[in-house]
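Letter by letter, the chains look like this.
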Amino acid sequence: SSLVSSSPTITITFSSNNKMFSKMMSLPRRGGYELTQTTSMAQSRGVRGVVVDTNKKLNSSVIINETRRSVCGSASNPVNLKEKIAHREDGRPLPREWYTDESIFAADMKYLWKTNWLFAGYEFQIREPGQYFTYEVGNENVIVVRDDDNQIRSFFNVCRHRGSRVCPSREGKVKNFTCPYHSWTYTRSGQLIKATHMENQINFADFSLIPCNVRSSGGLIFINLSQKPLFDFEPAHQIISPQLQHHSLVNAKPAYLRTDIVKANWKLVYENNRECYHCPNAHPEYIKANYDLMFTYVPTSDGGFTRVVDPSHPKKDEAIQHIDECSKRWEKYGLSCAAHNNFPGDGWYRASRMPLRKGWVTESIDGSPVAPILGDFKEEDRDMGSMRIHTLPNYWLHLSGDHGVSSRLTPIDALHTRVDSAWIVHKDAVEGVDYDLQKLTPFWDKTNQADWDICQFNQQGILSEAYNPAPYSLKKESGVETFVRWYLKTLSKALP
C-alpha cells in the first residue's frame, strides 16, 4: 500500500554558495526506503541542485538504506516471455503485467538493460586524469575514469579480493583506487599494484579490476554491462558525434542538477517522452516554443511510421516555410532539420534537429536567451533550434544554442524509476553574471514535473484490475508504438 501513498513531497535544495555537507537525517520509511545521509554531487561541485522524492520514495544524490524486497531475482521464464511477445497486439499498450510484474522487471534488467548501451554521464565530469564518477544500475555499479593517458576507462566497482566496493563515493579524483576494506590498490588503468601480505602469494596481473565496455560520442559517455553487447556502438557514434560536434559538450558544465524518483515503471516514463498527444493539457510552455503539435504520423511501406507536418493544420505553411529557412541557415554547419535513424529496429539511437517557433531562440519561458552560446556557433546563429538526442533505454537530451537539458533514467523496481536531470551551460559561464537559474530552469522543470505526475497517474491506473486500454492514436502516438516495438524486439533478441 505504501507504493501508492500520497505523503508530502520531500525536497532538499543545494545552493552554489553552500559547502559540501554530510548530515544524518531520520525520516519515516516509505516504500522501503530510508534517507540516512546526504553527500551530494551538486554540493561537492558547488552546483545548485535538488533532490526530490516524488510520491514519495527517496533515492538520488543521497545515500540510501535499501530495505525493499528484492527485484533482481530470477527472471520470468524466457520461453513464456517470448510467447507473450509473439502474441502482443500491435497498436495497443502492453498488458498490465509488463508494467507491474517483478519477474518481467527482472527480465528487463537481466536481458535488456545489461546488454544495451546505457548513457552513464558526460566527458566534462572527468576532464582531468584521475577524475571519476560511478553509475549504478540494478546490482551493478561501474567506475568511469580518465586514466593517465587521457583515455576514458570503465571498471566494475568490485574489488578483486573479496568483492567490496572500491569507490563508495559517487565521484571524485584519485591518484590510485584503494579499496576501503583491505586496501588493495589499483592504478587509474585498473591494474592491481598493492595487496599487503599477499605479494608472494598471487600474480598481481591476474587481479586487475574487471573492465566494463565504455564508449564516448559527442561528449556523451555510454557503458555496456555485457561482455557481448547486443548492438555495435559505431553506427550510433557515426550519427551522434556529427550532430553534437558544434555544441562542444566537452566544454560544458552542469548549472543545475535535479533527481526525481518517479513512481512508475521505466517503460511508462520513456513512452511518455515519445508522444506529444498530452502536450496541450500538460505543457503550455513547451507547445509555445515548439512545432510538435503541427506534426502527425503516417505509415511507411516497411510497416513503420514517419512524422510529417499535418496537412490539415491551419498553420502548416508557416511551419514548412520556417523549417526550410532554418535548414538553409544551418547548412554552413553541416546540419539540417532531419531525423537520423528512426526507432525501432536496431536503431536504439536517434538524433533530430527541429526549429523552434518563430520568435524563439531557445527553450526558455519567453524564448529569449538564458546563457552564453554553448558551442562554436556565431552570435547571429544563436537560434539553432532544438537538437534532440534519444538513446534507448535510458536517455534523452534537448539542446538549444545556449544550453541543454537532459534526463537519464535508471530503474529501481517495477514501479519506480530514478530520473537524473541536468541543465548544461558553457563551462566559463558564471551564475548570476552570465545566467540566472530563475530564467534557465523553469521551462524544462515545469515540463518535466508535469510529465512525472502524468507517469505516476498512468501507473496508478494500470495497477487497477479495470485497466483495459484502447488503441494508440495513429496520428499522435505512433512514436509510442515504435518504442514498444523496439522494446519487445530487443528483449526477444537478448533472451536466451
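Use the structure listed above.
Residues numbered from 1 in each chain as written. Predicted model: local features only at pLDDT ≥ 70, side-chain atom pairs only at ≥ 80, totals over all residues. Heavy atoms only, no water.

Participant: Any chance you could break down the overall build of the protein chain for me, citing the residues and the numbers?
Facilitator: Of regular secondary structure, the protein chain possesses twelve helices and 23 strands. Across the protein chain, contacts joining residues at least 24 apart in sequence account for 68% of those joining residues at least 6 apart. Approximately 20,900 Å² of the protein chain is accessible, and the part contributed by carbon and sulfur atoms is 49%. (Helix = DSSP H or I, 4+ residues; strand = E, 2+ residues; numbered from the N terminus. Contact = heavy atoms within 4.5 Å. Areas by Shrake-Rupley, 256 points an atom, 1.4 Å probe, with all protein chains shown as cover.)

Participant: Any chance you could break down the pairing of strand β23 (residues 416–426) for me, citing the residues and the numbers?
Facilitator: Of all the eleven residues making up β23, ten are buried; the element is thus mostly covered by neighbouring parts of the structure. Bridge analysis of strand β15 (residues 252–262) against β23 gives ten bridges, and the strand direction is antiparallel. Across the sheet, residue L257 finds its bridge partner in β23, namely A422. Pairing of strand β22 (residues 404–413) with β23, which is carried by nine bridges, proceeds in the antiparallel orientation. By the bridge assignment, R408 is partnered in β23 with D420. Counting the residues in the hairpin turn of β22 and β23 gives two residues. (Buried < 20%, exposed > 50% of the residue type's maximum accessible area, 1.4 Å probe, protein only. Pairing = 2+ DSSP bridges.)

Participant: Describe the state of the cysteines, with residues and values.
Facilitator: The full count for this structure, using the stated rule, is one disulfide. Sulfur-sulfur distance for the disulfide between C276 and C279 comes to 1.9 Å. In this structure the cystine formed by C276 and C279 twists about its S-S bond by roughly -105°; its chirality is therefore left-handed. For C279, a relative accessible area of 2% translates into the label buried. (Disulfide = S-S within 2.5 Å.)

Participant: Summarise the nonpolar core; cite the residues concerned and give the values.
Facilitator: The biggest cluster of nonpolar side chains holds 77 residues, and the ones touching the most others in it are W98, L220, I223, L244, V269, W348 and Y487. Tallying contributions element by element places helix α12 (residues 478–494) first for this core, with eight residues. Look past the residues within four positions of V269 in its chain and what remains in contact with it is V262, A264, W396, L409, T417, V419, W452 and C455. Ranked by size, the runner-up nonpolar core spans 20 residues in total, among them Y256, C279, A289 and W360. (Core = buried A, V, L, I, M, F, W, Y, C linked by side-chain atoms within 4.5 Å.)

Participant: Any chance you could break down the pattern of salt bridges for me, citing the residues and the numbers?
Facilitator: Going through the model one piece at a time under the given rule, you end up with 24 salt bridges. Note that R258 is salt-bridged to D260, the shortest N-O span being 3.0 Å. The buried category is assigned to D260, whose relative accessible area is 0%. A salt bridge links R382 to D402; the shortest N-O distance between them is 3.7 Å. Within this pair, whereas R382 is found in the loop between β19 (349–354) and β20 (386–391), its partner D402 is found in the loop between β21 (395–399) and β22, the two being separated by 20 residues in sequence. By the burial criterion, R382 is buried, and D402 matches it. (Salt bridge = Lys/Arg side-chain N within 4 Å of Asp/Glu carboxyl O.)

Participant: Which residues make up the pairing of β19, and what values go with them?
Facilitator: Across the six residues of β19, six count as buried, placing the element largely inside the fold. Of the two faces of β19, both are covered, the one formed by Y349, A351 and R353 as well as the one formed by R350, S352 and M354. Of the strand pairs in this sheet, β19 and β20 are connected by six bridges, and their pairing is antiparallel. By the bridge assignment for β20, Y349 is matched with T391.

Participant: Explain the packing of helix α4 (residues 102–113) against α12 residue by residue, including any values.
Facilitator: Axis separation between α4 and α12 bottoms out at 9 Å; the angle between their running directions is 70°. Judged by the angle between their axes, α4 and α12 are roughly perpendicular. For the pair α4 and α12, the crossing hand works out as left-handed. For the pair formed by α4 and α12, the contact residues are I104, A107, D108, Y111 and L112 on the first element and W486, Y487, T490, L491 and A494 on the second. For the contact of α4 with α12, the residue count by class is eight nonpolar, one polar and one charged. (Axes fitted to C-alpha atoms, helices over the stretch in contact; angles between N-to-C directions. Parallel < 35°, antiparallel > 145°, perpendicular 65-115°, else oblique. Left-handed = near helix turned anticlockwise from the far one by under 90°. Nonpolar A, V, L, I, M, F, W, Y, C, P; charged D, E, K, R; others polar.)

Participant: I'd like a rundown of α4, residues and numbers included.
Facilitator: Burial within α4 is extensive, with ten of its twelve residues counted as buried. If you check which residues of α4 are buried, you get E102, I104, F105, A106, A107, D108, M109, Y111, L112 and W113.

Participant: Give a detailed account of the packing of aromatic side chains, specifying residues and quantitative values.
Facilitator: Scanning the model with the defined rule gives 24 aromatic pairs in all. With a centroid separation of 5.3 Å and an interplanar angle of 80°, the aromatic rings of Y333 and F377 are classed as edge-to-face. Placement of Y333 in the loop between α9 (316–330) and β18 (339–340) and of F377 in the loop between β19 and β20 is noted, with a sequence separation of 44 residues between them. Through a chain of ring-to-ring contacts, the aromatic side chains of W117, F119, Y122, F124, F222, F233, W348, Y349 and Y395 assemble into a single cluster. Taking the ring centre of W330 as reference, the NZ or CZ of R353 above it sits at 5.8 Å. (Phe/Tyr/Trp six-rings, centres within 6.5 Å; stacked < 30°, edge-to-face > 60°. Lys NZ or Arg CZ within 6 Å of the ring centre and 35° of its normal.)

Participant: Explain the sheet that holds strand β10 (residues 177–178) to me, and be specific about the residues and the numbers.
Facilitator: Taken together, the three strands give an open sheet; going across it, the order is β10-β11-β12, and neighbouring strands pair in antiparallel fashion. The sheet terminates laterally at β10 and β12 (192–194), the two strands that pair on one side only. Examined bridge by bridge, strand β11 (residues 185–186) and β12 share two bridges and lie antiparallel to one another. Along β12, the bridge assignment pairs Y186 with L192.

Participant: Provide a residue-level description of the environment of S216, including the pertinent values.
Facilitator: Looking at the secondary structure, you find S216 in strand β13 (residues 213–217). Through-space distance from the C-alpha of S216 to that of S241 is 9.0 Å; in sequence the pair is 25 residues apart. A distance of 3.4 Å separates polar atoms of two side chains, one belonging to S216 and the other to E123. (Polar contact = N/O pair within 3.5 Å; in protein donor to acceptor, adjacent residues only side chain to side chain.)

Participant: An account of unusual backbone geometry is requested, with residue identities and associated values reported.
Facilitator: Glycine aside, residues mostly have negative phi angles, and peptide bonds mostly take the trans form. Residues L392 and P393 are joined by a peptide bond in cis, for which omega reads 15°. With respect to the element layout, P393 can be found in the loop between β20 and β21. Backbone geometry at N150 places phi at a positive 70°, although glycine is not the residue there. The backbone of H197 sits at a positive phi, close to 70°, despite the residue not being glycine.

What is shown is where atoms sit, not what they do.
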